[in-house]
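A closer look at the structure
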Amino acid sequence: MKQHFTGQDPFLKDLLATTPLERPSDDFVARVMAEVESIPVPVPVRKIFLIWIRRSFPWILLSGLILVVFFTSDFLVINKIPGIADIRQLVVTSATSFLQSFQNIFSGKFAFLVLAILVSGAILFIIERLFLRKTTSHKPYIL
Amino acid sequence: MYIFSSDHQIFLYLVTPFSFNTSNGRMKYQDDNLNIDRVLQGDHSAYSLLVARHYEMVYSIAMKILNNREDAEEVAQDSFLKAYRGLGSFGRKSKFSTWLYRITYNTAITKTRKKRFESVGLDDRLIMNYTEDEIHSRADGLDEQDKRVLMERALKKLPEEDNLLITLFYKSENSIEEISYITGLSESNVKVRLHRIRKKLYYEISELMKYQTILEN
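Residues numbered from 1 in each chain as written. Chains lettered and ligands numbered in written order. Predicted model: local features only at pLDDT ≥ 70, side-chain atom pairs only at ≥ 80, totals over all residues.

1. Let's talk about the overall build of chain A
- Along chain A, the regular secondary structure elements total 6 helices and 1 strand.
- Its helices and strands taken in sequence order, chain A reads α-α-α-α-α-α-β from the N to the C terminus.
- A buried classification covers 6% of the 143 residues belonging to chain A. (Helix = DSSP H or I, 4+ residues; strand = E, 2+ residues; numbered from the N terminus. Buried ≥ 20, exposed ≤ 12 C-beta atoms within 10 Å, placed from the backbone.)

Given below as structure tokens:
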């Protein structure tokens, strides 16, 4: 016969509540905190990614610039790469369609309304970040 | 209950609907998240609040697996340090306590080099001297001290692993899903084990009561 465990048993729960949990030595919390203070403050993973992006941004920009110069210049060496004309054509076509998509967005019927909302949101966000946000480093007090 | 002086956190309490539920569970859950935020912002001292809140349960888990005070204390300390180091990657998909208990469980298991929980079938061949209702009414007549002694003796008769599961479920009020996450057992297996342990615990209580009755006569 299949048995279903509901888990609800107030009797056992009450009986277990009478037995205290085991406790380590009195200075346990102090010892853990002494160790913790020697460890660097943990950084959220999301922040690590943002820091990485921020740090590598100049290099990404520079690499992009070099690639653009390299592929669009008229060096003799570049022209010897097989299929370079097709690659150039592809880059130009992609860039053109990418820029055209922006043109379509801004010439849309409700573009002004959307832009107004986005700009207002951005301004409010900046005000909140710069002037209203407080740090949470105040000491807690216990009720 | 901790209250922070930051306007931001008071705002958080106001806008989050379940923050009005002051019954321990959700409030603790929120407090833990607020303390984690403070730690990630560089406030070391906030971690001491997390340690102070959970050290008894963490130590109990380690103690139930290792059965040795010194080892359990070492494992409990290691678990808190591991949790601190990994706080940045804690995705908050579970409660902080559940995540911490899982770290403790794994650290303790590694320390003992014990096998993890094994799947078990249901064995109900335990014949009780009293029915559950009789046990309830007899236990009602006991005072707090006697109830405590009775429960402590009954718990001692259980294997450590069973003791851990019952503590996580009834004392720490973890759900089946959370216990499954902590121990690595499937949810159905946690249910089977808890069902069996509950029966066993009633059997042990019944035996202890029978013994007590013999002494009284």
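Having seen the structure, we can now continue with the description.
2. Quick notes on helix H3 (residues 45-66) of chain B
All names here are of chain B.
- Taking 1.5 Å per residue as the helical rise, H3 with its 22 residues ought to reach 32 Å, and the 30 Å between its terminal C-alpha atoms agrees with that figure.
- Of all the bends found along H3, the most pronounced is centred on His54 and spans about 55°.
- With 16 of 22 residues buried, H3 is to be regarded as a mostly interior element.
- Asn67 sits one or two positions beyond H3 and adopts a positive phi of about 60°. (Expected span 1.5 Å × (residues − 1). Bend = angle between axes of the 7 residues up to and from the residue.)

3. Notes on the packing of helix H2 (residues 28-36) of chain A against H3(B)
- Two elements in contact, H2(A) and H3(B), have axes whose closest approach is 10 Å; the angle formed by their N-to-C orientations is 145°. The handedness of the crossing between H2(A) and H3(B) is right-handed. The residues of H3(B) that touch H2(A), namely those facing A:Phe28, A:Val29, A:Val32, A:Met33 and A:Val36, are B:Tyr47, B:Ser48, B:Val51, B:Ala52 and B:Tyr55.
- For the contact of H2(A) with H3(B), the class distribution of residues is 9 nonpolar, 1 polar and no charged. (Axes fitted to C-alpha atoms, helices over the stretch in contact; angles between N-to-C directions. Left-handed = near helix turned anticlockwise from the far one by under 90°. Contact = placed C-beta atoms within 7 Å. Nonpolar A, V, L, I, M, F, W, Y, C, P; charged D, E, K, R; others polar.)

4. Focus on unusual backbone geometry
Residue and element names in this part refer to chain B.
- Non-glycine residue Asn67 carries a positive phi angle of around 60°.
- Relative to the helices and strands, Asn67 resides in the loop between H3 and helix H4 (69-85).
- Asn67 gets classed as exposed once you count the C-beta atoms within 10 Å, which come to 11.
- Although it is not a glycine, Glu173 sits at a positive phi angle of roughly 55°.
- Position of Glu173 among the secondary structure elements: in the loop between helix H8 (160-171) and helix H9 (176-183).

5. Some words on the nonpolar core
- Membership of the largest hydrophobic core comes to 54 residues, with the highest contact counts inside it found for B:Val58, B:Ile61, B:Ala62, B:Ala76 and B:Leu165.
- Residues from two domains meet in this core; each of domain 1 (7-112) and domain 2 (132-216) of chain B gives at least three. (Core = buried A, V, L, I, M, F, W, Y, C linked by C-beta atoms within 7 Å. Domains from an automatic or database assignment.)

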